[in-house]
Amino acid sequence: MSNNIKLVLPYHYIQKFKTKKDKKIMVALNWYRNVNFFLNNQIKKYYYELVREQMTGFKYDKLQLYRIDYKLYYSNERSDMMNVIAVIDKYLQDALQKVELVEEDNVEHCKEINCIVAGRDNENPRVEIEISEVIK
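What this report covers is the structure whose coordinates are included nearby.

Conventions we followed
- Residues numbered from 1 in each chain as written.
- Predicted model: local features only at pLDDT ≥ 70, side-chain atom pairs only at ≥ 80, totals over all residues.
- Heavy atoms only, no water.
- Pairing = 2+ DSSP bridges.
- Helix = DSSP H or I, 4+ residues; strand = E, 2+ residues; numbered from the N terminus.
- Axes fitted to C-alpha atoms, helices over the stretch in contact; angles between N-to-C directions.
- Contact = heavy atoms within 4.5 Å.
- Core = buried A, V, L, I, M, F, W, Y, C linked by side-chain atoms within 4.5 Å.
- Buried < 20%, exposed > 50% of the residue type's maximum accessible area, 1.4 Å probe, protein only.
- Expected span 1.5 Å × (residues − 1).
- Polar contact = N/O pair within 3.5 Å; in protein donor to acceptor, adjacent residues only side chain to side chain.
- Salt bridge = Lys/Arg side-chain N within 4 Å of Asp/Glu carboxyl O.

## With respect to the sheet that holds strand E1 (residues 5–10)
The sheet built from 4 strands is open, its strands ordered E1-E6-E4-E5 with mixed pairing. Looking at strand neighbours, the two that pair on one side only are E1 and strand E5 (110–120), the edges of this open sheet. Strand-to-strand twist across the sheet, computed as the mean angle between neighbouring axes with direction ignored, equals 20°. Helix H3 (residues 81–98) contacts E1, strand E4 (66–74), E5 and strand E6 (126–133) of the sheet and is inclined by roughly 135° relative to E4.

## What to know about the nonpolar core
When a protein is soluble and globular, its nonpolar side chains tend to lie buried together. Counting residues in hydrophobic clusters, the biggest one holds 38 residues, and the most contacted among them are Ile88, Ile129 and Ile131. At the level of secondary structure, the elements contributing two or more residues to this core comprise E1, helix H2 (37–55), E4, H3 and E6. Considering every element that reaches this core, the biggest residue donor is H3, with 8 residues.

## Regarding H3
When the terminal C-alpha atoms of H3 are compared, their 26 Å separation across 18 residues agrees well with the 26 Å that a helix rising 1.5 Å per residue should span. Where H3 begins, one side-chain oxygen reaches toward the backbone nitrogen of Met82, 3.2 Å away; that side chain belongs to Asp80. Two residues or fewer past H3, Glu100 is found with a positive phi of approximately 65°.

## Considering the pattern of salt bridges
Scanning the model with the defined rule gives 10 salt bridges in all. In this structure, Asp94 engages Lys44 in a salt bridge whose closest nitrogen and oxygen atoms are separated by 3.2 Å. Placement of Asp94 in helix H3 and of Lys44 in helix H2 is noted, with a sequence separation of 50 residues between them. Judged by its relative accessible area of 16%, Asp94 falls in the buried class. With a relative accessible area of 33%, Lys44 lands in the partly exposed category. The residue Arg67 makes a salt bridge to Asp69 at a minimum N-O spacing of 2.7 Å.

Structure below.
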């Protein structure tokens, strides 16, 4: 693989309702530990689709060893980086397996994860992601 793969994922999800106001969910550990299976599965599919759409049209080889770099752009200074990154990482790596970029998302293949707070963005809070191959 010659180029790194760059993705951008929001860390908010809008849960839609027919009879009441839509709900904005911050996808983070505090939410994840209490969410019901149905909603969790719905959001996992949402993130898979975001990853699949961003990777459509690109040629890439399956990565045997890889690293992931996360840059968090927060909207609230009280945000806890690892609460957000932990859940985004879970959904991302599951999606990477499903699109067949990686064989497995375990420690045998995912060799490094780095996270930084990149800044504040009130209009577009997000996680920017770079996936790169690790050479033995």
